Amino acid sequence: MIAAQLLAYYFTELKDDQLKKIDKYLYSMRFSDETLKDIMGRFRREMENGLGRDTNPTATVKMLPTFVRSIPDGSEKGDFIALDLGGSNFRILRVKVTQDKKQPVQMESQVYETPDDIIHGNGTQLFDHVAECLGDFMEKQKIKDKRLPVGFTFSFPCVQTKLDEAVLITWTKKFKANGVEGMDVVKLLNKAIKKRGDYQADIMAVVNDTVGTMMTCGFDDQRCEVGIIIGTGTNACYMEELRHIDLVEGDEGRMCINTEWGAFGDDGSLEDIRTEFDREIDRGSLNPGKQLFEKMASGMYMGELVRLILVKMAKEGLLFEGRITPELLTKGKIETKHVSAIEKTKEGLKKCMEILTRLGVEPSDEDCLAVRHVCTIVSFRSANLISATLGAILSRLKDNKGVARLRTTVGIDGSLYKMHPQYARRLHKTVRRLVPDSDVRFLLSESGSGKGAAMVTAVAYRLTDQARQIQETLAEFRLSKSQLLEVKKRMRMEIERGLKKESHEEATVKMLPTFVRSTPDGTENGDFLALDLGGTNFRVLLVKIRSGKKRTVEMHNKIYAIPIEVMQGTGEELFDHIVHCISDFLDYMGMKSARLPLGFTFSFPCHQTSLDAGILVTWTKGFKATDCEGEDVVELLREAIKRKEEFELDVVAIVNDTVGTMMTCAYEEPTCEVGLIAGTGSNACYMEELRNIEIMEGTEGRMCVNMEWGAFGDNGCLDDIRTKYDQAVDENSLNEGKQRYEKMCSGMYLGEIVRQILIDLTKRGFLFRGQISETLKTRGIFETKFLSQIESDRLALLQVRAILQQLGLDSTCDDSIIVKEVCGTVSRRAAQICGAGMAAVVDKIRENRGLDHLDITVGVDGTLYKLHPHFSRIFHQTVKELAPKCDVNFLLSEDGSGKGAALITAVGCRLRELDAQQH
């Protein structure tokens, strides 16, 4: 008790005076937060230099790509061997990864000595030694006959161009084996194993211990994306966006970067904070001028720094009454473990006394307090420096993600961090001060470098297997040219069946006559009303067409919603709602009194008996109004107008949106004789020779045929290219078994196909960590506009992740890459089979006219064609490949269903007047 009181007394008296002296003496080792933020900024710039193509060659912080592209997702399994070479001991582990919740990872390991003569000898000896130890280990484990995947932790700066090769840049720590620098260490090890010939091993991955640490922690916490080592040496790695890594091809996803931050400052950028002691350590090291940051912060040099300071203070009479002993002057006599022991709260001073006594300096109590303070300053400086560089990495991660607050986990390993009593606490506190807008969890790695190598190997193993299975799944969607030619041939057969009288009834592609006999000739004139009903919105338009030298079309329109209860109520309610909207529009335009000619765009399969009569064959696109199917919709409209008794209209034409599209484009471009819609639905029309339309009277001239090609395949003729995902979409739809072609290539269904594939891949554990969220179970969640956004070339994966997050899908970068590939594969097939259908149409027109070569224009409309980043390009390319004798020009239609309906009405009025004049 008295001793403790005495000490306390000493402490207060002494403390202030002596400690102030030491603080002053070691002033340059103490940093303000301002200085630390400045170092943080410097390191961030160094990172950018290391990542840049032009700046990397001269950068000191090398930012080496590791080709580790993803952290464990928890679904890894298998039996692996890990080699860990990075210090004086060499470890071999056997790591079994299972899906057993209680003990997912089982490890057995053995440590082998690496004698100094091998560390400083030649490379062949070193790798022969490694191969011999591995053989011994496999023998003991009784696995010599198995060919297990091996992960190799090699904790020295290496350049990698793939996961399983690593060219040593330079030895660090105490290693100096010659003939290895500039060589691929995997090749050297394989050569040594082959030379023995008594076992085989597949080295699948070489990793740095830092990466191993991140991967080990990543297995326990999937948020882990930084790994740091603070031990004999110090280094860090983190997951960087691939688009920022100039040295690696590609910009999709992320890759772990091994910063090799020990070399920070080798270009002189830290000279203002290095002290005389740092310079002295560097002069006496194996690699002068190199790894300067590491020499200020890592465990290998900390004891030595303390010793040099004590020598100088003793020389100046500030310690040990000026006594200097040969032991105190001997390099390596104070080790980092001594520094840790001295800084312990309780027995630190006692330890200090023992250590100093062994050095023969006969320390007083004051000396012990002083030495302890020196240790604190040196170890605190290390924690501060590492906080600054780690802070730079965290702030970069935060910027990369574009989030207001970063939530992440840092995996840490290394003797200094683990053994030193105060180190971890100081590091955590400083990091949180330097990067306040982040929530950082620090996770201590258990046997990181060994288990980590096995983890990297396990992930690589999982990813190759997974990639193979995903490719097999998507292969069904990748159609060959011969398959596409077969689709074209079958479309042609179905076209013929729809045109022929005897087969028309049971034909799936209906080839409906539209009674539109001519495209506009430019003499059309007048004011026309157009109605457009084809989806959840309904439009009323006034179209003023003026002929003459300067042809003009002026349009006014208003959009009205159709509530779902009206879409699926009675026919009378639906048509009353439509007439109510027309009435509102005529009021709005002040045109209630005029009896205007009207064109009605009705985008549902209709059997037309004349230009102004169309019998609804079947509702599509979610409409279900009763008492309409089998009825003439023009009559239903006329009756509803009569019921309203507010205005009169002359219904001249009922028009399909596809025909409207063709007419709009034909008004601008006379060679346009085909219309295509590639949007929510999919359909086409074209000008057929009247003689081929057997269900129509007459043989002279042409008539536009509304193909209703969405039903192609309803008789089973496409079953060989339909996948189980197409079947699932069909089974979940409102009209099972109908419109099968449309369900493979129209906007309304592509997102659903994608969703079905994603569910399957998630069930198989390849996506979203195997968790099927409620969102993913929801029909229609994946709108086609998301496909367009996801496939946009300009979108980084980060934005793809954001879209998936909006959909409630918590995705990793790997998930995003897979989702993007799925979307691309589904929309590519859509564009190709749509192209195959169009190729059949243009070839038919060419043959109708007995031509070797046809020049023709197709008018196109629809959101999929207009907004999807690749659909139109792939579609054009397919038509060109499958119909080489046709030169097809594609013209984007401006408002086919509105303006087109008015033009058909105008042409109808013109032909009606002609008829009247002739009779």
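Look up: the structure comes first, before these words.
Since the structure is predicted, the reported quantities are computational estimates derived from the model, not experimental observations.

Let's talk about the overall build of the chain
Across its full length, the chain carries 31 helices and 26 strands. Along the longest, intermediate and shortest principal axes, the C-alpha atoms of the chain span 130 × 65 × 50 Å. When the accessible surface of the chain is summed, it comes to about 38000 Å², and 49% of that surface belongs to carbon and sulfur atoms. Charge centroids of the chain, computed over 124 positive and 137 negative side chains, lie 5 Å from each other.

Details of the state of the cysteines
Under the counting rule described, the total for this entry stands at 0 disulfides. Unpaired in terms of disulfides, C368 finds its nearest cysteine sulfur in C352, a separation of 4.2 Å. Note on C909: no disulfide assigned, nearest cysteine sulfur contributed by C704 at a separation of 18 Å.

Quick notes on the packing of helix α24 (residues 747-763) against helix α28 (residues 813-848)
One can describe the packing of α24 onto α28 by two numbers: an axis separation of 10 Å at closest approach and a directional angle of 140°. Overall, the two elements α24 and α28 adopt an arrangement that is oblique. For the pair α24 and α28, the crossing hand works out as right-handed. Counting all contacts with α24, which are made through L750, I753, V754, I757, L758 and L761, the residues of α28 involved are I818, V819, V822, C823, V826, S827, R829 and A830.

Section: the side chain of D861
Looking at where D861 falls in the secondary structure, it is placed in strand β25 (residues 854-861). The buried category is assigned to D861, whose relative accessible area is 14%.

Focus: unusual backbone geometry
With a phi angle near 50°, M511 is a residue other than glycine that sits in the positive phi range. Tracing the sequence through the fold places M511 in the loop between α17 (501-504) and β14 (512-513). The class of M511 is buried, set by a relative accessible area of 1%. Positive phi outside glycine occurs at Q739, with the angle close to 55°. Looking at the secondary structure, you find Q739 in the loop between α22 (724-731) and α23 (740-745). On the basis of relative accessibility, which here comes to 10%, the residue Q739 falls in the buried class.

Focus: the pattern of salt bridges
Following the criterion strictly, the structure yields 79 salt bridges and no others. Residue K418 is joined to D413 by a salt bridge in which the shortest nitrogen-to-oxygen separation is 2.9 Å. For K418, a relative accessible area of 36% corresponds to the partly exposed category. The salt bridge partner of E689 is R702, with a shortest N-O separation of 3.0 Å.

Observations concerning the environment of L676
Along the chain, L676 turns up in strand β22 (residues 672-678). Distance from L676 to Y686, taken between C-alpha atoms, is 8.8 Å for residues 10 residues apart in sequence. Non-local contacts of L676, meaning those with residues more than four positions away in its chain, are made with T658, T661, N683, A684, W709, C834, M838, V858, G859, V860, D861 and F875.

Details of the pairing of strand β23 (residues 682-689)
Taken across its 8 residues, β23 has 8 buried, putting it largely inside the fold. Alternating positions in β23 separate into two faces, S682, A684, Y686 and E688 on one and N683, C685, M687 and E689 on the other, with burial throughout. Judged from the 5 bridges that link them, β22 and β23 form a sheet pairing that is antiparallel. Paired with A678 across the strands is S682, a residue of β23. With antiparallel pairing between neighbouring strands as the criterion, β22 and β23 make up a hairpin whose turn holds 3 residues. Relative to strand β24 (residues 702-706), β23 is paired through 5 bridges, and the arrangement is antiparallel. Paired with C685 across the strands is N706, a residue of β24.

Concerning the packing of aromatic side chains
Under the defined criterion, the tally for this structure stands at 24 aromatic pairs. Plain terms: the ring middles of F585 and Y588 are 6.2 Å apart, the flat faces sit at 45° to each other, and that makes the pair tilted. In this pair, F585 and Y588 are both assigned in helix α19 (residues 571-589), 3 residues apart and thus about one turn of the helix distant. Centroid distance Y865 to F875: 6.1 Å. Interplanar angle 85°. Geometry classified as edge-to-face. With Y865 in helix α29 (residues 863-867) and F875 in helix α30 (residues 871-882), this pair connects stretches of sequence that are 10 residues apart. When its relative accessible area of 8% is taken as the criterion, Y865 is described as buried. Cluster of aromatic residues (ring-pair linked, three or more members): F152, F154, F156, W171 and F175.

Notes on the sheet that holds strand β9 (residues 224-230)
Taken together, the 6 strands give an open sheet; going across it, the order is β1-β11-β10-β9-β12-β13, and neighbouring strands pair in mixed fashion. The two strands at the open ends of the sheet, each matched to only one other strand, are β1 (64-65) and β13 (438-444). As paired elements, β9 and strand β10 (residues 234-241) share 5 bridges and run antiparallel to each other. Its bridge partner lying in β10, I229 is registered against N235. Docked against the sheet, helix α14 (residues 423-434) engages β9, β12 (406-413) and β13, running at close to 160° with respect to β13.

Criteria and cut-off values
Residues numbered from 1 in each chain as written. Predicted model: local features only at pLDDT ≥ 70, side-chain atom pairs only at ≥ 80, totals over all residues. Heavy atoms only, no water. Helix = DSSP H or I, 4+ residues; strand = E, 2+ residues; numbered from the N terminus. Areas by Shrake-Rupley, 256 points an atom, 1.4 Å probe, with all protein chains shown as cover. Lys, Arg positive; Asp, Glu negative; His and termini not counted. Charge placed at Lys NZ, Arg CZ, Asp CG, Glu CD. Disulfide = S-S within 2.5 Å. Axes fitted to C-alpha atoms, helices over the stretch in contact; angles between N-to-C directions. Parallel < 35°, antiparallel > 145°, perpendicular 65-115°, else oblique. Left-handed = near helix turned anticlockwise from the far one by under 90°. Contact = heavy atoms within 4.5 Å. Buried < 20%, exposed > 50% of the residue type's maximum accessible area, 1.4 Å probe, protein only. Salt bridge = Lys/Arg side-chain N within 4 Å of Asp/Glu carboxyl O. Pairing = 2+ DSSP bridges. Phe/Tyr/Trp six-rings, centres within 6.5 Å; stacked < 30°, edge-to-face > 60°.

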